[in-house]
Amino acid sequence: MSLRYAAAPLEGITTFVFRNAHHRVFGGVDRYFLPFFSPAAEHILTNRELRDLDPANNTVPNLVPQVMTRRAEDFLWAAEQVRAMGYREVNLNLGCPSGTVVAKGKGAGFLGHLEELDQFLDEVFSKAAVPVSVKTRLGIRNPEEFHRILEIFNRYPIAELTVHPRVQKEFYKGALHRDLFAWAMSESRNPLCYNGDLVTVEDCFTLKAEFPKVESVMIGRGLAADPALLRKLRGGSAATRGEVECFVQMLYEGYCVAYGQAGPAAQRMKELWFYLIHLFRGGEKQAKAMRRLKQPREYEQLEASIFRDLELREAVLGPLV
Ligand SMILES: Cc1cc2nc3c(=O)[nH]c(=O)nc-3n(C[C@H](O)[C@H](O)[C@H](O)COP(=O)(O)O)c2cc1C
């Protein structure tokens, strides 16, 4: 299947530790998107942001940083920072549905201020020295809002427009509005990338059959749940127990080093296991225990019991919410 595969940004999960380990153990990803950073008005990158962006910490060839802001000046500053680090594209987040983000008119919240968004894009595209791509939803409440939104996007040379065909109010659940993605396929002047609910190889084949012209897809939760998904799509093998164990070990050790202590490392692992547990048959009890645990020791015991007691599946059963 001649598709380009991107790993979606998942805040708290797809850190540089995850991306490096995933690329090394499973591969199959053409591009990894970094979770967003939101530049402060003082124009300072935090240590955490710098650590994730620093090319010295990243061993993955194709990386796209993502910025979330409603101020063109801050976006342009951030774009210049990442350009100077050697990045060749910067992505604008217009999709984050979180209440606190939306209340500030950022992420998907910016889709509720279309005149301001148009002015923002006008300034960004007239001044940015690096190609700018956009990741968006269909709107805030009603999918039909996308008609006006796409009209605005069509005024600018967006390097790639990734569409998650849900509105902000739908978060990550419920039926996708694929009819509007189909409409966008015929109306967008910019190249489109599809994102949403691709969890198995079959899901990707169905998407390609439905949209034969789509060239690019982005996968988030499906890849966290089945890290070999994209390798399988390229005709490769399913994840083995040894690989998953090695991947998980690389992550936990990497986080222990990055944070200098096991507590926050175990918290990071919990977030990944929310999805990864779906790759194991009958992991409901462990999933529940994982959500409750507090101490790194408990985490280590639980992780060991998953690998000892549970059988690995060939593929994940969706949905992953
Ligand atoms: C825990 C979590 C964190 C996310 N963080 C980001 C982010 O930093 N930037 C972004 O554009 N989208 C973010 N998303 C949205 C995903 O990139 C993606 O659009 C969404 O999960 C739908 O795709 P999927 O069905 O393949 O997972 C996040 C989603 C989840 C569940």
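Within each chain, residues carry numbers counting from 1 in the order of the written sequence. Local features in this predicted model are restricted to residues of pLDDT 70 or higher, and side-chain atom pairs are both shown and tallied only at a pLDDT of 80 or more, whereas totals for entire chains, interfaces and linings draw on every residue. Heavy atoms throughout the structure, all of them, feed into the side-chain values; hydrogens and water do not.

Asker: Pulling in residues and values, what's your account of the environment of G283?
Answerer: Mapped onto the elements, G283 comes out in the loop between α12 (262-276) and α13 (284-292). Spatially, the C-alpha atoms of G283 and L312 are 9.9 Å apart, while their sequence positions differ by 29 residues. Whether two residues are in contact is decided by their heavy atoms: any pair within 4.5 Å suffices. When sequence neighbours within four positions are dropped, the list of residues in contact with G283 reads I277 and L310. Every helix listed is a DSSP run of H or I at least four residues long, and every strand listed is a run of E at least two residues long, numbered separately from the N terminus.

Asker: Lay out the site of the ligand in plain terms, naming residues and giving numbers.
Answerer: Being near a molecule or strand, for a residue, means having at least one of its heavy atoms within 4 Å of it. Taken together, 18 residues are adjacent to the ligand, and P9, Q66, N195, D197 and R221 come closest. N or O atoms closer than or at 3.5 Å make up a polar contact, with two conditions inside protein: a donor-capable atom paired with an acceptor-capable one, and, for residues adjacent in sequence, both atoms drawn from side chains. Contact distances for the ligand include 2.9 Å between an oxygen atom and a side-chain N or O atom of K135. Separating an oxygen atom of the ligand from a backbone N or O atom of D197 is a distance of 2.7 Å. Where accessible areas are quoted, they stem from the Shrake-Rupley method and a 1.4 Å probe; at the residue level, only the protein chains shown are allowed to cover. Compared with its free state, where it exposes 610 Å², the ligand has 89% of that area covered by protein. Only protein atoms enter the 1 Å grid, on which a cavity is a set of points fitting a 1.4 Å probe that cannot get out and a pocket is an open set with protein on both sides within 12 Å along at least 5 of 7 lines, lining residues being those with an atom within 4 Å of a point. Occupancy of a cavity or pocket is assigned to a molecule whenever over half of its atoms lie within 2 Å of that pocket's grid points. Here the ligand occupies the largest pocket. Grouping the constituent residues of the shell around the ligand by class yields 8 nonpolar, 6 polar and 4 charged. Ten residue types, Ala, Val, Leu, Ile, Met, Phe, Trp, Tyr, Cys and Pro, are classed as nonpolar, four, Asp, Glu, Lys and Arg, as charged, and the remainder, Gly among them, as polar.

Asker: Tell me what's going on with the domain arrangement of the protein, and back it up with residues and numbers.
Answerer: Delimitation of the domains relies on an automatic or database domain assignment. With domains assigned, the protein is organised as domain 1 (4-233) and domain 2 (241-309). Taken residue by residue, the interface counts 18 residues in domain 1 and 16 residues in domain 2. Accessible area, probed at 1.4 Å, shrinks when two parts are joined; the buried area is that loss added up over both. Of the roughly 1600 Å² buried at the junction of domain 1 and domain 2 (both faces included), carbon and sulfur atoms supply 72%. Here, a salt bridge means any Lys or Arg side-chain nitrogen found within 4 Å of an Asp or Glu carboxyl oxygen. Summed over the shared surface of domain 1 and domain 2, the result is 1 salt bridge. Remark: the boundary between domain 1 and domain 2 carries 4 residue pairs in polar contact (both at pLDDT 80 or more). Elements that contribute at least two residues to the side of domain 1 that touches domain 2 include exactly α1 (16-25) and α9 (221-225). Residues that form the side of domain 1 that touches domain 2 fall into these classes: 9 nonpolar, 3 polar and 6 charged.

Asker: An account of helix α6 (residues 146-153) is needed here, citing residue identities and associated values.
Answerer: Residues of α6 that are buried: F146, I149, L150, I152 and F153. End-on view of α6: buried residues confined to an arc of 155 degrees, all on one side of the axis. Packed against the buried residues of α6 are β4 (90-94), α5 (114-127), β5 (132-136), β6 (161-163) and α7 (178-187). The rule is simple: take the accessible area with a 1.4 Å probe, protein chains only, and divide by the maximum for that residue type; under 20% is buried, over 50% is exposed, in between is partly exposed. It is the directions from the helix axis to the C-beta atoms whose arc is reported.

Asker: Describe the pattern of salt bridges, listing the residues and the values that go with them.
Answerer: Per the stated rule, a full pass over the model turns up 21 salt bridges. Its salt-bridge partner being R71, residue E73 comes within 3.4 Å of it at the nearest N-O pair. For K127, the salt bridge is made with E123, and the minimal N-O distance between the two is 3.1 Å. Of this pair, K127 and E123 both sit in helix α5, separated by 4 residues, roughly a single helical turn. Judged by relative accessible area, E123 falls into the partly exposed class, the value being 31%.

Asker: So what about the nonpolar core? Which residues, and what values?
Answerer: Grouped together as the largest cluster of nonpolar side chains are 63 residues, with contacts concentrated most on F75, L121 and F153. Excluding residues that lie within four positions of it along the chain, F153 makes contacts with L94, L117, L121, V134, T136, F146, I158, L161 and N190. We define a nonpolar core as any set of buried Ala, Val, Leu, Ile, Met, Phe, Trp, Tyr and Cys residues linked to one another through side-chain atoms lying within 4.5 Å. Core analysis: the next-biggest nonpolar cluster, separate from the first, contains 40 residues, L272, Y299, L310 and L312 among them.

Asker: So what's going on with the packing of α13 against helix α14 (residues 296-309)? Residues and values would help.
Answerer: Axis angle and axis distance: for two packed helices, these are the angle between their axes and the distance between the axes, and together they describe the pair. In the contact formed by α13 and α14, the axes pass within 10 Å of each other and the chain directions differ by 165 degrees. Between α13 and α14, the crossing angle belongs to the class labelled roughly antiparallel. The element α13 and its partner α14 pack so that their crossing is left-handed. Judged by residue contacts, Q286, A289 and M290 of α13 engage Y299, L302, S305 and I306 from α14. Inter-axis angles, ranging from 0 to 180 degrees, are taken between N-to-C directions of lines fitted to C-alpha atoms, where helices are fitted over the stretch in contact. Note on terminology: angles under 35 degrees are roughly parallel, angles over 145 are roughly antiparallel, angles of 65 to 115 are roughly perpendicular, and the others are oblique. By convention the crossing between two helices is left-handed if the near helix lies anticlockwise of the far one by an angle smaller than a right angle, and right-handed if it lies clockwise.

Asker: I'd love a proper account of the side chain of N91, names of residues and values included.
Answerer: Within the secondary structure, N91 sits in strand β4. For N91, the side chain forms a polar contact with the side chain of S133, separated by 2.9 Å. Aside from chain neighbours lying at most four places away, what touches N91 is F33, V64, P65, Q66, V67, F75, S133, V134 and K135.

Asker: Lay out the packing of aromatic side chains in plain terms, naming residues and giving numbers.
Answerer: Only rings of Phe, Tyr and Trp enter the pairing, Trp through its six-membered ring, and a pair is recorded when the two centres are within 6.5 Å. The plane angle decides the type: under 30 degrees is stacked, over 60 is edge-to-face, the rest tilted. Applying the stated criterion across every chain, the model contains 14 aromatic pairs. Pairing F274 with Y275 gives two aromatic rings, centres 4.9 Å apart and planes at 85 degrees, and the pair type is edge-to-face. The class for F274 is partly exposed, based on a relative accessible area of 31%. Three or more aromatic residues link up through ring pairs in this structure, and these residues are F18, F26 and F247. A cation over an aromatic ring shows up here: R137 above the ring of Y172, its NZ or CZ 4.9 Å from the ring centre. Our definition puts a charge over a ring when NZ of Lys or CZ of Arg is within 6 Å of the ring centre and also within 35 degrees of the ring normal.

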